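Residue-level structure breakdown
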There are 4 protein chains.
Amino acid sequence: MTKRCIAVIGSGEATEEESRNALEVGREIARRGAVLVCGGLTGVMEAAAKGAKEMGGLTLGIIPGEDPSSANPYIDIVIPSGLGIARNVLVVSSGQAVIAVGGKVGTLSEIAIAFVIKRPVIGLGTWQIEKARAGGNEIIFARDAKEAVKKALELSRG
Amino acid sequence: MTKRCIAVIGSGEATEEESRNALEVGREIARRGAVLVCGGLTGVMEAAAKGAKEMGGLTLGIIPGEDPSSANPYIDIVIPSGLGIARNVLVVSSGQAVIAVGGKVGTLSEIAIAFVIKRPVIGLGTWQIEKARAGGNEIIFARDAKEAVKKALELSRG
Amino acid sequence: MTKRCIAVIGSGEATEEESRNALEVGREIARRGAVLVCGGLTGVMEAAAKGAKEMGGLTLGIIPGEDPSSANPYIDIVIPSGLGIARNVLVVSSGQAVIAVGGKVGTLSEIAIAFVIKRPVIGLGTWQIEKARAGGNEIIFARDAKEAVKKALELSRG
Amino acid sequence: MTKRCIAVIGSGEATEEESRNALEVGREIARRGAVLVCGGLTGVMEAAAKGAKEMGGLTLGIIPGEDPSSANPYIDIVIPSGLGIARNVLVVSSGQAVIAVGGKVGTLSEIAIAFVIKRPVIGLGTWQIEKARAGGNEIIFARDAKEAVKKALELSRG
């Protein structure tokens, strides 16, 4: 039986608020028994993984480089992809839903990829996507980490 | 000596205006002696490649699937990547500059990837990117195909 | 703390002996507390994952396609890579050591990739690699599943 | 109309004989009007591209890194893939046939990938592949560069 996996995306250089949100998202994913998938590096990725580990959860980090030791210390399973930015596709595809916490242009690429490959995207203080071009795709905004994870789990059931 | 390569991105289902723009962009790229790179399929990709071939240019198509025959008939060199949507990274990285003609969520992913890997993006009726999050990256808008290619070539000199 | 991960590679159409070996390799990986990584499909991949689940282990399957439901039923975490055969790189890079059980040309590609990216390869009835060209790389042969896993764990310590 | 593309694979550190063979293979590919595809770096890749350029041919180099300037000086069109060793898949898939000149473990991975994705492989002093496991796949050996290219072109017609 496949485990529920939720991808958390966001910048490698997080603001304090983004770090707090990511930490809480990670905790809540673990509390709810899902696996946290992320890009395995710093910032939002590290805060989310730290939160998941605090609650005894399982974390998967898909990093762009080939050196497993460049993953943050809260990653249980490292995929040292060596694929550079193309690893963003894997982070998104490995989640049944995606939670975007803040984020810059790398996160924007992941949101767009999620739309293309039909993963629901839940947003916490992240990008606004121009509606007219998005073809019915949209970010589902959440007020806080708890709500974000709740929505992610609901949407990944389908 | 490496040839100048310009990537043209846009939807596989183009409007009439987008097709006209893409065709003219392709022609102008070929007139200026550059290689046209695209995703090799239909819509904007096909119109741009058609334009380039009309002017005797060279076209490279990096397709998501494994079957070379799924490329449009105006592609000289097909890369049947088999990488799915991860091929978007290659389309963008193969251009010294990128011209976005219209476009939907796939194009948005390519614009964002271009920002991450530092390729200038020229836009013809394409996405509006939220400034506050883009960290200094922006689409350079052009009024028409000629101006788009002119800017792409200027910006790919650096 | 990163978990120990062992990749098991082999054909999607296994002989009875290969299936028995893969099952026992999977069991032993789980008994020793390591994570089983594989290509997520049938044959050797399925037998190894089945063995790991029998012993309560954790399994990661990196599949070539985009549809998670094409993974075998013993995979806990599916990475629906969409990368086609390029996913072979990820299967190998995700293991700290690789165990090859039988195998055809796909397995040969994975053994060669393992040599390039410096993963030790333990073999159970698998390819003979021409020594003169392998530049010091070689498959370490094991007599049975238990020995294969023992060697894989020893070699992944370094 | 798609151009005929022949992939040339081999080590980044070529012997003198391999360099001579690769140079002559490159020349012959260009003489016959086909495009030379290679990994874009040194050794066999550079010698083959140099040969093709001597005869006025067209060369495509798919490099593992992100920096186009790491391609050898005989590459017309650089694809700075950023995919690491996964770019081997693209080198092979971009040729309608593959010529292996010498080669080490990287080349072995490319030969195996060629077998998986059904590209004919012509060999010039390269690996011996164990027949029993190769499932009907085999390297077609050539006596010299001219014969190698002749066979590659014949086999890529089908």
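So, here's what we can say about the structure. (Residues numbered from 1 in each chain as written. Chains lettered and ligands numbered in written order. Predicted model: local features only at pLDDT ≥ 70, side-chain atom pairs only at ≥ 80, totals over all residues. Heavy atoms only, no water.)

**Some remarks on the relation of the copies chain C and chain D**
Put simply, the rule is: In this comparison the copies share one frame, found by least squares on the C-alpha atoms of residues holding pLDDT of at least 70 in both. Note on definitions: a residue-residue contact is assigned when non-hydrogen atoms from the two residues lie within 4.5 Å.
Superposing chain C onto chain D requires a rotation of 180° together with a translation of 0.0 Å along the rotation axis, leaving an RMSD of 0.0 Å. The two molecules are tied by a two-fold rotation axis, judged by turn and shift. Minimal C-alpha separation from the rotation axis in chain C is found for C:S109, amounting to 2.3 Å. In this assembly the copies share their binding face: 100% of the residues contributing to the interface of chain C also contribute to that of chain D.

**Thoughts on the nonpolar core**
What counts here: Take the buried residues of types Ala, Val, Leu, Ile, Met, Phe, Trp, Tyr and Cys, join any two whose side-chain atoms come within 4.5 Å, and each joined set is a nonpolar core. Throughout this description, buried means an accessible area under 20% of the type-specific maximum (1.4 Å probe, protein chains only), exposed means over 50%, and partly exposed covers the range between.
A:I129, B:I129, C:I129 and D:I129 are the most contacted members of the largest nonpolar core, which totals 128 residues. Not counting chain neighbours up to four residues away, the residues in contact with A:I129 comprise A:L108, A:I111, A:F115, A:A134, A:I139, B:L108 and B:W127.

**Examining the relation of the copies chain B and chain A**
Expressed as a screw transformation, the operator carrying chain B onto chain A has a rotation angle of 180° and an axial translation of 0.0 Å, and the superposed copies differ by an RMSD of 0.0 Å. In this assembly the copies share their binding face: 100% of the residues contributing to the interface of chain B also contribute to that of chain A.

**Here we look at the interface of chain B and chain A**
As a reminder, the rule being used: Buried area: the accessible surface (1.4 Å probe) lost by two parts on joining, summed over both. Basic side-chain nitrogens of Lys or Arg form a salt bridge, by our definition, when they fall within 4 Å of a carboxyl oxygen of Asp or Glu. N or O atoms closer than or at 3.5 Å make up a polar contact, with two conditions inside protein: a donor-capable atom paired with an acceptor-capable one, and, for residues adjacent in sequence, both atoms drawn from side chains. Put simply, DSSP marks the helices as runs of H or I at least four residues long and the strands as runs of E at least two long, and each gets a number from the N terminus on. Polar here means any residue outside two lists: the nonpolar Ala, Val, Leu, Ile, Met, Phe, Trp, Tyr, Cys and Pro, and the charged Asp, Glu, Lys and Arg; Gly therefore counts as polar.
In this complex, chain B contributes 25 residues to the contact, which on the side of chain A involves 25 residues. Summing both partners gives a buried area of about 2,000 Å² for chain B against chain A, and 74% of it is carried by carbon and sulfur. Among the residues of chain B in contact with chain A, B:I85, B:V105 and B:R133 are the three that bury the most area, contributing 34% of the side total. In this assembly, chain B and chain A are joined by 0 salt bridges. Where chain B packs against chain A, one counts 8 residue pairs in polar contact (both at pLDDT 80 or more). Sort the elements by how many residues they give to the side of chain B that touches chain A and helix α4 (residues 105–116) of chain B lands first, with 8 residues. Per-class residue counts for the side of chain B that touches chain A are 13 nonpolar, 8 polar and 4 charged.

**Focus on the pairing of strand β1 (residues 5–10) of chain B**
All names here are of chain B. Our working rule: Only strands joined by at least two bridges in the DSSP assignment are considered to pair. Here is how to tell: hold the view so the strands point away, follow the path from the first strand over the helix to the second, and if it runs clockwise the crossover is right-handed.
Extensive coverage of β1 is indicated by the burial of 6 of its 6 residues. The pairing of β1 with strand β2 (residues 35–38) spans 3 bridges and is parallel. Paired with I6 across the strands is L36, a residue of β2. In this fold, the crossover linking β1 to β2 by way of helix α1 (residues 16–31) has right-handed handedness. When β1 meets strand β5 (residues 97–101), the two strands line up parallel, connected through 5 bridges. Bridged to G10 within β5 is V101.

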